[in-house]
Amino acid sequence: MAIQLTSFFQKTLFAALFCLSLTMMWHPGAQAAYVGIDKIIVIVDDDVITLSDYEDAKAQVLKNIDAQGQPMPDEATLKKATINNLILERIQLQMAKRVGVQITEEQLTQAMSQLAKSKGLSLEEFISEANKRGQTTQQIRDQIKKELTIQQVQQGFLRNRININEQAIEEYLKSDEGKSRIQSKYTLSHLLIRSQDANAQNVLAQVVNDIQSGKRQFSDFNSSQTIDGFQVENGDLGTRTQNELPSLFADIILNMQPGDYSKPVKSGAGWHVVKLDDLSGAAKIIHQVHARHILIKPSEVRSNKQAKRLINDLYKRIKKGEDFSLIAKEYSDDPGSALLGGDLDWAEPSKYVGNFKKTLEKLKNDEISKPFETEFGWHIAQKLGERDHNVTDEVRKNQAFQTLYQRKAAEEVDSWLNQIQQDAYIEFKDPSFDPNKINTQAP
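Bear in mind that the values here come from a model prediction, so they are computed numbers and not experimental data.

Colleague: Tell me about the overall build of the protein, residues and numbers included.
Modeller: Of regular secondary structure, the protein possesses 16 helices and 12 strands. Split into buried and exposed, the 443 residues of the protein put 43% on the buried side. Across the protein, contacts joining residues at least 24 apart in sequence account for 71% of those joining residues at least 6 apart.

Spelled out as structure tokens, the structure:
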């Protein structure tokens, strides 16, 4: 039986309905309303929707709408939207089962942490709050697992249907909307000595050192102050986009972070030092480390003790002068880096698991660690370098891609949801829940 979703239901209530599984954990009372024999109201392919399923969903949707401050729909509109959403959920979960969608424990934990963070809580606080409301940790994980499963089904559908090419991204970035939404903005101030004397450069460098060490304040120079015979003054350069940056400082500023001072730079007006006060928009500078490693993993044929013995032997060979890269290619159990001689390329330290990250932090450039253990096995790591890297262009392109992708995804998913609902076997055991027979008021 085909059930056509109207644009009204999709656009006014779908947001409240779609986030149902993630938010129900905060209102567990609604989930325990029925005990004993439950009434089946709809058969959806190989699954069913019961009356208690419907009542739970309806109660939660009402709470979501109230919390968002939206006007309450009439009873018929609410009933139609709620049952439609439950049908779509059942169809997608069955699709996930047929194609073998699997959600790992790591994915669940990460999703829980992100949800907790969005509520301003640590993971432990999040679980504690839910427990106080009568929700067990397992129930929380089951709800999030269902949501992640549906997301993977939809992503699988979208993967081959949406193509955002480089040209589309560049066109968006050049558009008025793209410029206003994504362009980086830099708030700047500066110190200036109006002199061409080379000694002024040293005076400005000393002033910056004094400010950074706390001996002076930037504001000390707002009325002009004389140091070693040079007048030092400060000024506000305002907030500027990347295209509006002074050409003298543009390349320098792009690699600065808020609070940083540039080196003294000479212009026709004298010697300057620029301070980056704030950075907003897409601009981003990240700290990266370049490393390589060798991984030896315990397995069914290699005990942890044997893995440790092997990594220690490899470490001794490297210390005697054997090539790190060649040993990594021959022995490392990390398929992603072994063929590259263990090279992990430039990456943010937060990408790595705890003990690996801590080990890299302690190493000097080019230093090789002693063997150490993580949850993945035994490692030898070498730090090849560190840098602060400007990824503004990458961030801007990624934001443009996400904007364009989400627009197309919303259109594709709406069409797809209608199609899979039309193709499904749906039998209403209680005709009063048939959306085609529910009379709704015009919006």
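Colleague: Would you mind going over the nonpolar core in detail, with residue names and values included?
Modeller: Ranked by size, the top nonpolar core spans 33 residues in total, and within it Ile 41, Val 42, Ile 49, Ile 83, Ile 87 and Leu 158 carry the most contacts. Those elements that place two or more of their residues in this core are β1 (40-44), α4 (51-67), α5 (75-99), α8 (137-159), α9 (166-174), α16 (392-423) and β12 (426-428). Top element by residues in this core is α16. It accounts for eight residues. Apart from the residues lying within four places of it in its own chain, the contact partners of Leu 158 are Tyr 405, Ala 409, Glu 412 and Val 413. Listed in part, the 16 residues of the second largest apolar core include Ile 211, Phe 218, Phe 230 and Val 232.

Colleague: Residue-level account of the sheet that holds strand β2 (residues 47-50), with values.
Modeller: As a general point, the strands of a sheet are linked pairwise by backbone hydrogen bonds and lie either parallel or antiparallel. Read across the sheet, three strands follow the order β2-β1-β12 without closing on themselves; strand pairing throughout is antiparallel. On the outer flanks of this sheet lie β2 and β12, each paired with one strand and no other. With strand direction ignored, the average angle separating the axes of adjacent strands in the sheet is 20°. Where β1 and β12 come together, three bridges link them in antiparallel fashion. Looking at the pairing, Val 44 lines up with Ile 426 of β12. Contacting β1, β2 and β12, α5 runs over the sheet at an angle of about 155° to β2.

Colleague: Give me the sheet that holds strand β8 (residues 285-296): which residues, what numbers.
Modeller: Reading across from one edge, β9-β8-β11-β10 is the order of the four strands in this open sheet, with antiparallel pairing throughout. Here the strands that pair on one side only, and so sit at the sheet edges, are β9 (343-347) and β10 (372-374). With direction set aside, neighbouring strand axes in the sheet form an average angle of 40°. Here β8 runs beside β9; their pairing, made up of three bridges, is antiparallel. Directly across from Val 289, in β9, lies its bridge partner Ala 347. Here helix α13 (residues 304-319) sits on the sheet and contacts β8, β10 and β11 (377-390); the angle it forms with β11, its principal contact strand, is near 60°. Packed on one face of the sheet, helix α15 (residues 354-362) meets β8, β9, β10 and β11 and runs near 145° to β10.

Colleague: I'd like a rundown of the pairing of β11, residues and numbers included.
Modeller: Alignment of β8 against β11, held across 12 bridges, turns out to be antiparallel. Pairing of Ile 285 across the sheet is with Asn 390, part of β11. Across three bridges, β10 lies against β11 in antiparallel orientation. In the strand pairing of β11, Glu 373 is matched with Trp 378. Counting the residues that bridge the hairpin from β10 to β11 gives two residues.

Colleague: Give a detailed account of unusual backbone geometry, specifying residues and quantitative values.
Modeller: Across residues other than glycine, the phi torsion is negative in most instances, and most of the peptide bonds are trans. Even without glycine at this site, Asp 45 takes up a positive phi of about 50°. In this structure, Asp 45 sits in the loop between β1 and β2. Unusually for a residue other than glycine, Asp 345 sits at a positive phi of about 60°.

Colleague: How would you summarise the environment of Ala 307 if you had to cite specific residues and measurements?
Modeller: With respect to the element layout, Ala 307 can be found in helix α13. Looking at Ala 307, the relative accessible area reads 0%, which means it is buried. For the pair Ala 307 and Leu 295, spaced 12 residues apart in the sequence, the C-alpha separation amounts to 9.4 Å.

Colleague: Just give me the short version of the packing of α5 against α8, but keep the residues and values in it.
Modeller: Direction vectors running N to C along α5 and α8 enclose 75°, while the axes themselves pass 9 Å from each other. By the criterion of interaxial angle, the relationship of α5 to α8 is roughly perpendicular. In this structure, α5 uses Glu 89, Gln 92, Leu 93, Met 95 and Ala 96 to contact α8, whose residues at the interface are Lys 146, Thr 149, Ile 150, Val 153 and Gln 154.

Colleague: Describe in detail the packing of α8 against α16, supporting the description with residues and values.
Modeller: Contact geometry of α8 with α16 gives a least axis separation of 10 Å together with a crossing angle of 105°. One way to sum up the angle between α8 and α16 is to call them roughly perpendicular. Across from Val 153, Gln 154, Phe 157 and Leu 158 in α8, the residues of α16 making contact are Tyr 405, Ala 409, Glu 412, Val 413, Trp 416 and Leu 417. Looking at the contact of α8 with α16 residue by residue, the class counts come to eight nonpolar, one polar and one charged.

Colleague: Hey, could you go over the packing of aromatic side chains for me, with residue numbers and the actual values?
Modeller: Taken as a whole and judged by the stated rule, the model has six aromatic pairs. Seen in terms of ring centroids, Tyr 54 and Phe 433 are 4.9 Å apart; in terms of plane orientation they differ by 75°. Their pairing is edge-to-face. Pair noted here: Tyr 54 is in helix α4 and Phe 433 is in the segment after β12, with a separation of 379 residues, a long-range link. One exposure class covers both Tyr 54 and Phe 433, and it is buried. Measuring from ring centre to ring centre gives 5.7 Å for Phe 401 and Tyr 405, while their planes differ by 25°; the resulting arrangement is stacked. Within this pair, Phe 401 and its partner Tyr 405 are both found in helix α16, separated by four residues, close to a single helical turn. Chaining the aromatic ring pairs together yields one cluster made of Tyr 352, Phe 356 and Phe 372. In this structure, Lys 275 is placed above the aromatic ring of Phe 218, and the distance from its NZ or CZ to the ring centre is 5.4 Å.

Basis of the calculations
- Residues numbered from 1 in each chain as written.
- Predicted model: local features only at pLDDT ≥ 70, side-chain atom pairs only at ≥ 80, totals over all residues.
- Heavy atoms only, no water.
- Helix = DSSP H or I, 4+ residues; strand = E, 2+ residues; numbered from the N terminus.
- Buried < 20%, exposed > 50% of the residue type's maximum accessible area, 1.4 Å probe, protein only.
- Contact = heavy atoms within 4.5 Å.
- Core = buried A, V, L, I, M, F, W, Y, C linked by side-chain atoms within 4.5 Å.
- Pairing = 2+ DSSP bridges.
- Axes fitted to C-alpha atoms, helices over the stretch in contact; angles between N-to-C directions.
- Parallel < 35°, antiparallel > 145°, perpendicular 65-115°, else oblique.
- Nonpolar A, V, L, I, M, F, W, Y, C, P; charged D, E, K, R; others polar.
- Phe/Tyr/Trp six-rings, centres within 6.5 Å; stacked < 30°, edge-to-face > 60°.
- Lys NZ or Arg CZ within 6 Å of the ring centre and 35° of its normal.

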